Amino acid sequence: MSQRAPTTVADRHLFNAVIDARSPLEFAEDHLPGAVNLPVLDDEERRIVGTLYKQHGAFEARRLGGGMVAANLGRHLRHSLAGMPSTWKPLVYCWRGGMRSGSMVTWLRMVGWDAQQLQGGYKRWRQHVIEAIARIAPQLPLQVLCGPTGSAKTRVLHALAAQGAQVIDLEGLARHKGSLLGHWPGQAQPSQKAFETQLATVLEGLDLNRPVFIEAESRKIGQIALPTPLVERLRSAPCLEICASAEARLAYLLRDYAYLGDDPAALARRLGALREAHGGQVVAQWQTWAQSHALAPLFEALATQHYDPLYARSQSGNFKHWAKRRAIPATSLDDSGIERVAQAVLAAVASR
């Protein structure tokens with residue numbers, strides 16, 4: 001017989017599907033990995049029911065909400081769930097494992113599906129994410145890729161992954177390159193909660209007996225704050241510094257950030273944030289280059305006058321083992337050069 005008690009987070013992989021019964025806005029902020037959103041109340045309905053509850057009490061809210069829930073569940077049964085076989089087994093959750101997921105589970109069981117309710121709902125999932133990061137991060141056998149701006153650290157990380165190494169791509173998870181000009185074109189960053197859900201999922205899949213490569217980052221990547229347990233482990237891990245010439249780095253930056261030239265006015269506006277650090281005259285020249293699409297002198301100036309001094313000041317203060325870092329020479333940072341750097345990184349770690 002099927003278990004009828006609420007199911008725990010650890011059991012989520014035993015199901016054919018995970019259904020998020022919350023509203024679309026709640027789902028968009030964060031959700032369990034792989035979940036599909038089949039709301040029993042949409043955003044406006046949830047607002048109406050919540051207002052009614054505050055003004056007139058639980059009975060009136062449930063009376064009105066019950067009709068909305070029934071209509072939404074009926075629509076899901078006619079459309080999203082119409083082709084599911086009798087053996088289909090879904091896990092359903094809402095905010096706290098209460099009435100919204102409970103209503104859906106009741107209906108799905110009436111149909112004949114072996115539906116289960118996630119104990120504690122999304123709130124319990126969120127606790128699991130925080131606990132997983134706090135538990136796993138201090139144990140990570142990290143190897144930190146360092147190097148000044150334009151050293152192709154993220155691309156080297158991807159090359160390491162392609163060669164079978166374990167990596168944590170924080171900038172990929174955060175959808176941001178981590179610098180003032182690091183916004184991904186046309187893409188918003190995830191919410192803090194969604195980032196942490198992705199991070200916890202990556203951490204849970206790692207083999208802690210093998211090296212894990214990660215890029216050196218500050219405490220924030222765009223608007224995303226890295227969890228303190230991960231920052232502390234990052235700061236105490238051994239470092240490998242990619243050492244490329246200024247010419248190779250500039251060539252890489254011109255390829256990797258070429259899209260910034262597509263909107264010169266937006267690029268100039270972003271550079272305005274550097275006035276306090278570099279003065280109005282210097283930044284005005286940078287903005288002139290931006291507006292005239294002169295990316296080569298702009299990127300060279302940003303690297304030598306802004307990013308390189310920041311890098312030089314921050315590394316020894318941020319990384320406990322900076323003095324013992326291993327240098328990884330990079331003669332070029334084109335595709336083949338990045339492959340060679342990744343191979344050299346693996347060889348350096350294997351020889352330790």
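Now for a description of the structure that goes with this document. (Residues numbered from 1 in each chain as written. Predicted model: local features only at pLDDT ≥ 70, side-chain atom pairs only at ≥ 80, totals over all residues. Heavy atoms only, no water.)

Re the overall build of the chain
For step 1, the next point in the chain: Secondary structure summary: the chain contains 15 helices and 11 strands in total.
For step 2, the next point in the chain: Its C-alpha atoms give the chain principal-axis dimensions of roughly 70 × 50 × 35 Å.
For step 3, the next point in the chain: Across the 352 residues in the chain, those meeting the buried criterion constitute 46%.
For step 4, the next point in the chain: For the chain, the proportion of contacts with a sequence separation of at least 24, taken over those separated by at least 6, is 72%.
For step 5, the next point in the chain: Surface exposure of the chain reaches about 17100 Å², of which carbon and sulfur atoms provide 55%.
For step 6, the next point in the chain: Measuring between centres, the 40 positive side-chain charges of the chain sit 5 Å from its 31 negative side-chain charges. (Helix = DSSP H or I, 4+ residues; strand = E, 2+ residues; numbered from the N terminus. Buried < 20%, exposed > 50% of the residue type's maximum accessible area, 1.4 Å probe, protein only. Contact = heavy atoms within 4.5 Å. Areas by Shrake-Rupley, 256 points an atom, 1.4 Å probe, with all protein chains shown as cover. Lys, Arg positive; Asp, Glu negative; His and termini not counted. Charge placed at Lys NZ, Arg CZ, Asp CG, Glu CD.)

Some points on the sheet that holds strand β7 (residues 212–215)
The strands making up a sheet are joined through hydrogen bonds of the backbone, oriented either antiparallel or parallel.
For step 1, the next point in the chain: Reading across the sheet, the five strands line up as β6-β7-β5-β10-β11 and stay open at both edges, with parallel pairing between neighbours. A single partner strand is all that each edge strand has here, and the edge strands are β6 (166–168) and β11 (326–330). Neighbouring strand axes in the sheet, compared pairwise and without regard to direction, differ in orientation by 30° on average.
For step 2, the next point in the chain: Pairing geometry for strand β5 (residues 142–146) and strand β10 (residues 239–244), over three bridges, is parallel. Its bridge partner being in β10, valine 144 is matched across the sheet by cysteine 239.
For step 3, the next point in the chain: Packing against the sheet, helix α15 (residues 335–350) makes contact with β5, β7, β10 and β11, and its axis sits at approximately 160° to β11. (Pairing = 2+ DSSP bridges. Axes fitted to C-alpha atoms, helices over the stretch in contact; angles between N-to-C directions.)

Points about helix α11 (residues 264–271)
For step 1, the next point in the chain: Among all positions in α11, only Ala266, Leu267, Ala268 and Leu271 are buried.
For step 2, the next point in the chain: Check the buried side of α11 and you find it contacts α12 (275–278), α13 (280–291) and α14 (295–318).

Points about the pairing of strand β3 (residues 90–93)
For step 1, the next point in the chain: Residues Pro90 and Val92 point to one face of β3 and Leu91 and Tyr93 to the other, with burial holding for every one of them.
For step 2, the next point in the chain: Bridge count between strand β1 (residues 17–20) and β3: four bridges; the pairing is parallel. Of the residues in β3, the one forming a bridge with alanine 17 is proline 90.
For step 3, the next point in the chain: Two elements, β3 and strand β4 (residues 116–117), share two bridges in a ladder whose sense is parallel. Residue pairing across strands places leucine 91 opposite glutamine 116, the latter belonging to β4.

Thoughts on the state of the cysteines
Covalent bonding between the sulfur atoms of two cysteines defines a disulfide.
For step 1, the next point in the chain: Taken as a whole and assessed by the stated rule, the structure comprises zero disulfides.
For step 2, the next point in the chain: Residue cysteine 146 stays outside any disulfide, its sulfur separated by 4.0 Å from that of cysteine 239, the closest cysteine. (Disulfide = S-S within 2.5 Å.)

Some details on the sheet that holds β4
For step 1, the next point in the chain: One open sheet accounts for four strands, arranged β2-β1-β3-β4; its pairing is parallel. On the outer flanks of this sheet lie β2 (36–37) and β4, each paired with one strand and no other.
For step 2, the next point in the chain: Direction of pairing for β1 relative to β2: parallel, over a ladder of two bridges. Its bridge partner being in β2, isoleucine 19 is matched across the sheet by valine 36.
For step 3, the next point in the chain: Taken strand by strand, helix α4 (residues 99–111) contacts β1, β3 and β4, and its axis lies near 155° from that of β3.

Section: the packing of aromatic side chains
For step 1, the next point in the chain: Within the structure shown, the criterion is met by five aromatic pairs.
For step 2, the next point in the chain: Each member of the aromatic cluster is reached from another via a ring pair, and the members are Tyr257, Tyr259 and Phe299.
For step 3, the next point in the chain: Directly above the ring of tyrosine 257 sits lysine 177, whose terminal nitrogen or CZ lies 4.1 Å from the centroid.
For step 4, the next point in the chain: In this structure, arginine 235 packs its charged tip against the face of phenylalanine 319, placed 5.3 Å from the ring centre. (Phe/Tyr/Trp six-rings, centres within 6.5 Å; stacked < 30°, edge-to-face > 60°. Lys NZ or Arg CZ within 6 Å of the ring centre and 35° of its normal.)

Observations regarding the nonpolar core
For step 1, the next point in the chain: Judged by nonpolar contacts, the single largest core of 43 residues is most densely connected at Leu140, Val144, Ile168, Leu170 and Leu199.
For step 2, the next point in the chain: Listing elements by their share of this core, those giving two or more residues are β3, α5 (121–136), β5, α7 (170–174), α8 (192–204), β7 and α9 (228–236).
For step 3, the next point in the chain: When residues no more than four places from it in sequence are discounted, the contact partners of leucine 140 are Ile168, Leu203, Leu206, Leu208, Leu230 and Arg233.
For step 4, the next point in the chain: In terms of nonpolar packing, the next biggest core, distinct from the first, is built from 23 residues, Val167, Ile242, Val341 and Val345 among them. (Core = buried A, V, L, I, M, F, W, Y, C linked by side-chain atoms within 4.5 Å.)

Describing the pattern of salt bridges
For step 1, the next point in the chain: With the rule as written, the count across this model stands at 13 salt bridges.
For step 2, the next point in the chain: In this structure, glutamate 26 engages arginine 46 in a salt bridge whose closest nitrogen and oxygen atoms are separated by 3.3 Å. Of this pair, glutamate 26 sits in helix α1 (residues 24–29) while arginine 46 sits in helix α2 (residues 43–56), and the two are 20 residues apart along the sequence.
For step 3, the next point in the chain: Its relative accessible area of 10% is what places glutamate 26 among the buried residues.
For step 4, the next point in the chain: Note that glutamate 131 and arginine 124 form a salt bridge whose closest N and O atoms lie 3.5 Å from each other.
For step 5, the next point in the chain: Because the salt bridges share partners, they merge into one network encompassing Glu26, Arg46 and Arg100. (Salt bridge = Lys/Arg side-chain N within 4 Å of Asp/Glu carboxyl O.)

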